[in-house]
Amino acid sequence: MPDPMPRREFLGTIAATGLTTALATRRATADGKRGAPNAPATSKRFLTSAEKFVDVSRGNPKPSTLRGEARAKARLTTDTWRLEIVSDGSAELANPLRLEDGTALDLASLETLGRTHGLKFLKAMQCNNIPVPLGQGLWEGVPLRDVLRRVGKVGNVRRVYYWGFHNNDPAQRFQSSLGYNQVMETPPWDLPPLVAYRLNGAEIPPERGGPVRMIVPWAHGFKSIKWLQRIVLTNDYKANDTYALQNNDPDSYLKTAAYLDKGPSTFKAGEPVVIEGTAMAGWSGLKHVEYWLRPDGGTDGKLAEEDPAWKSAAWQPCSLMPPPDDWEIVLPAGTLSQEIWGFDRATGKPKDWPPRFSVLPWSVTLVGLKPGAYELRARTVDLNGFAQPEPRTYQKSGLNLVPCKLFTVTA
Ligand SMILES: Nc1nc2c(c(=O)[nH]1)N[C@H]1C(S)=C(S)[C@@H](COP(=O)(O)O)O[C@H]1N2
Ligand SMILES: [Mo]
């Protein structure tokens, strides 16, 4: 699996802001001063540039590959994009937004709505079925509830169905859904579902689902429909998600989980063994990351769920990347941290660390290991005190395995 946020990408983001020198100086002073000893450098690898996300999208051709006239015809340019909000016949809407009578929402109107209701927020994208996150962005959009208010009084609505451009071929439609109350009554301490139109301070590029994509913060990628064009309010109570068809749980929440970077697998005795990875703060938050080191059992890192070794495992703490001192070097040029959801308006510091639905680096430095072969496992503990993959081990609700790395220390 690819490392979702290789270091050069992060440095790429920095280079783009012209603050490379600032980072270098900052590193020299901040390392070791903040957080736990040997914690990953404050601002290492945080945002993924838009083109470096792992792409998960269907379509023949993929809508992102349309160019020129074809893209305009698909209504996937900033000028041609429109969003329809209609009923499937079972719900009542006072003022549906339709293409045919010119009432569909255009991008300028969405951006106008954004000036009063818009949010900037951090979120990592993760596929239900891929064991590492696809990338992390600073997104910007309007809460879906504020977009839905555009249709006026509604009646008999139980669910919101939505999909994007799919080559006008019903067989290619990739759709998703939310409960109406999940959209309208998201608790104020949680991020609501959003209609997003910016990523990392720029327009959302076609590959990432632009010009406009849905983002459901607490969910896996399949709820975050790309090339969004149609929202249908329904009295139906059932999820219509395309992803539900392959035995996936259409109500799955992002899991709190640890991932291991590839990194080196041989080390010299006497030199520190540095193991690095990333961790996702899912809906249940992230308390800490921990590791378990033992001699290589010769099973290629496989350990059966019922193996008694799990019960006596000695889990030890890893170091998480501390919050950056200076968000300016992490964020796109012109973005202030105090504008970001979940950050303090006055101080510009995150209210919680790590912010939920984000990924961040962690590391552990092992010293004094004798020559030999080892296996190292990493896992997270969430704010409920559950160690990964508990409490739900059902993998179709989001891959949440305890990863293992084999390495050797040579004499
Ligand atoms: N229209 C559309 N939206 C889509 C998909 C798709 O195939 N078509 N794939 C989904 C899935 S399964 C995932 S994991 C995410 C991936 O987002 P990314 O390609 O920006 O990384 O997009 C989601 N949105
Ligand atoms: Mo996915």
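Going by the structure above, here's the rest.
Description of the structure in this document. Along each chain, the written sequence defines residue order, and numbers are assigned to residues from 1. As a convention, the first chain written is A and the first ligand written is 1, with the rest following in written order. Per-residue local features are limited, in this predicted model, to residues with pLDDT of at least 70; the limit for side-chain atom pairs, both in listing and counting, is 80 or more; totals at the level of whole chains, interfaces and linings are taken over all residues. Processing note: side-chain calculations cover all non-hydrogen atoms of the structure and skip hydrogens and water entirely.

## A closer look at the layout of surface pockets
The line we're drawing: Of the two site types, the cavity is a set of points on a 1 Å grid over the protein atoms alone where a 1.4 Å probe fits but cannot get out, and the pocket is an open set with protein on both sides within 12 Å along at least five of seven lines, each lined by residues with an atom within 4 Å of a point. Grid points are joined across faces, edges and corners, and a volume is the space filled by probe spheres set on the points. Secondary structure follows DSSP: runs of H or I at least 4 residues long count as helices, runs of E at least 2 residues long count as strands, and numbering of each begins at the N terminus. Following the grouping adopted for this structure description, the nonpolar residues are Ala, Val, Leu, Ile, Met, Phe, Trp, Tyr, Cys and Pro, the charged ones are Asp, Glu, Lys and Arg, and the polar ones are all others, Gly among them.
The space that makes up the largest pocket amounts to roughly 1200 Å³. Arg 377, Leu 401, Val 402, Pro 403 and Cys 404 are, among the 42 residues lining the largest pocket, the residues nearest its centre. Taken together, the elements giving at least two residues each to the lining of the largest pocket come down to strand E13 (257–260), strand E20 (372–381) and strand E21 (404–410). Considering every element that reaches the lining of the largest pocket, the biggest residue donor is E13, with 4 residues. By residue class, the composition of the lining of the largest pocket is 21 nonpolar, 8 polar and 13 charged. Lining the second largest pocket are 29 residues; nearest its centre among them are Leu 191, Ile 340, Trp 341, Gly 342 and Phe 343. In terms of residues, the lining of the second largest pocket owes the most to one element, strand E4 (residues 119–125), which gives 4 residues. Tallied by class, the residues present in the lining of the second largest pocket amount to 16 nonpolar, 5 polar and 8 charged.

## Notes on the site of ligand 1
Rule in force here: When we say a residue is near a molecule or strand, we mean one of its heavy atoms is within 4 Å of it. Pairing of N or O atoms within 3.5 Å defines a polar contact, subject to two protein rules: one partner must be a possible hydrogen donor and the other a possible acceptor, and residues neighboring in sequence count only if both atoms are side-chain atoms. Note on areas: Shrake-Rupley, 1.4 Å probe, and residue coverage restricted to the protein chains presented here. Cavities and pockets are treated as containing a molecule whenever more than half of the molecule's atoms lie within 2 Å of their grid points.
Surrounding ligand 1, one finds 18 residues, the nearest of these being Val 54, Arg 58, Arg 208, Arg 213 and Lys 226. Here an oxygen atom of ligand 1 sits 2.7 Å away from a polar atom, N or O, in the main chain of Val 54. One of the side-chain nitrogen or oxygen atoms of Lys 226 is found 2.6 Å away from an oxygen atom of ligand 1. Coverage of ligand 1 by the protein chains reaches 99% of its 540 Å² of free accessible surface. With respect to the pocket detection grid, ligand 1 is positioned in the largest cavity. Its residues assigned to classes, the shell around ligand 1 comprises 10 nonpolar, 3 polar and 5 charged.

## Some words on empty space enclosed by the protein
Remark: the empty space left among the atoms is shown by a probe the size of a water molecule rolled over them. Per the counting criterion, the structure on display carries 1 cavity of 30 Å³ or more. Along its surface, the largest cavity is lined by 25 residues, and Val 56, Ser 57, Arg 58, Phe 174 and Lys 226 are the ones closest to its centre. Here the residues of the lining of the largest cavity are counted per class, giving 13 nonpolar, 8 polar and 4 charged.

## A short note on the sheet that holds strand E17 (residues 316–317)
Here is the rule: What makes two strands pair is DSSP finding at least two bridges between them.
Strand order in the open sheet made by the 5 strands is E14-E21-E20-E16-E17, with mixed pairing throughout. If you trace the sheet from one side to the other, it starts and ends with strand E14 (266–268) and E17, each paired once. Pairing analysis gives 8 bridges linking strand E16 (residues 288–295) to E20, with the strands arranged antiparallel. Bridge pairing in E20 places Tyr 291 opposite Ala 378.

## Considering unusual backbone geometry
Short version of the rule: The buried label applies to any residue whose accessible area, calculated with a 1.4 Å probe on protein chains only, is under 20% of its type's maximum; exposed applies above 50%, and partly exposed to all values in between.
Cis geometry marks the peptide bond from Gly 210 to Pro 211; its omega dihedral reads 10 degrees. Mapped onto the secondary structure, Pro 211 falls in the loop between strand E10 (202–203) and strand E11 (213–215). A cis amide bond links Trp 353 to the next residue, Pro 354, at an omega of -5 degrees. Structurally, Pro 354 is set in the loop between strand E18 (319–320) and strand E19 (359–366). Phi angles above zero are rare outside glycine, and Asp 300 is one such case at about 60 degrees. In this structure, Asp 300 sits in the loop between E16 and E17. Accessibility expressed as a relative area gives 56% for Asp 300, which makes it exposed.

## A short note on the environment of Ala 279
Applicable threshold: We call two residues in contact when some of their heavy atoms are within 4.5 Å.
Mapped onto the secondary structure, Ala 279 falls in strand E15 (residues 273–280). With 83 residues separating them along the chain, Ala 279 and Trp 362 place their C-alpha atoms 7.0 Å apart. Those residues in contact with Ala 279, other than ones at most four positions away along the chain, are Ala 257, Ala 258, Tyr 259, Leu 286, Val 289, Ser 358, Val 359, Leu 360, Trp 362 and Thr 380.

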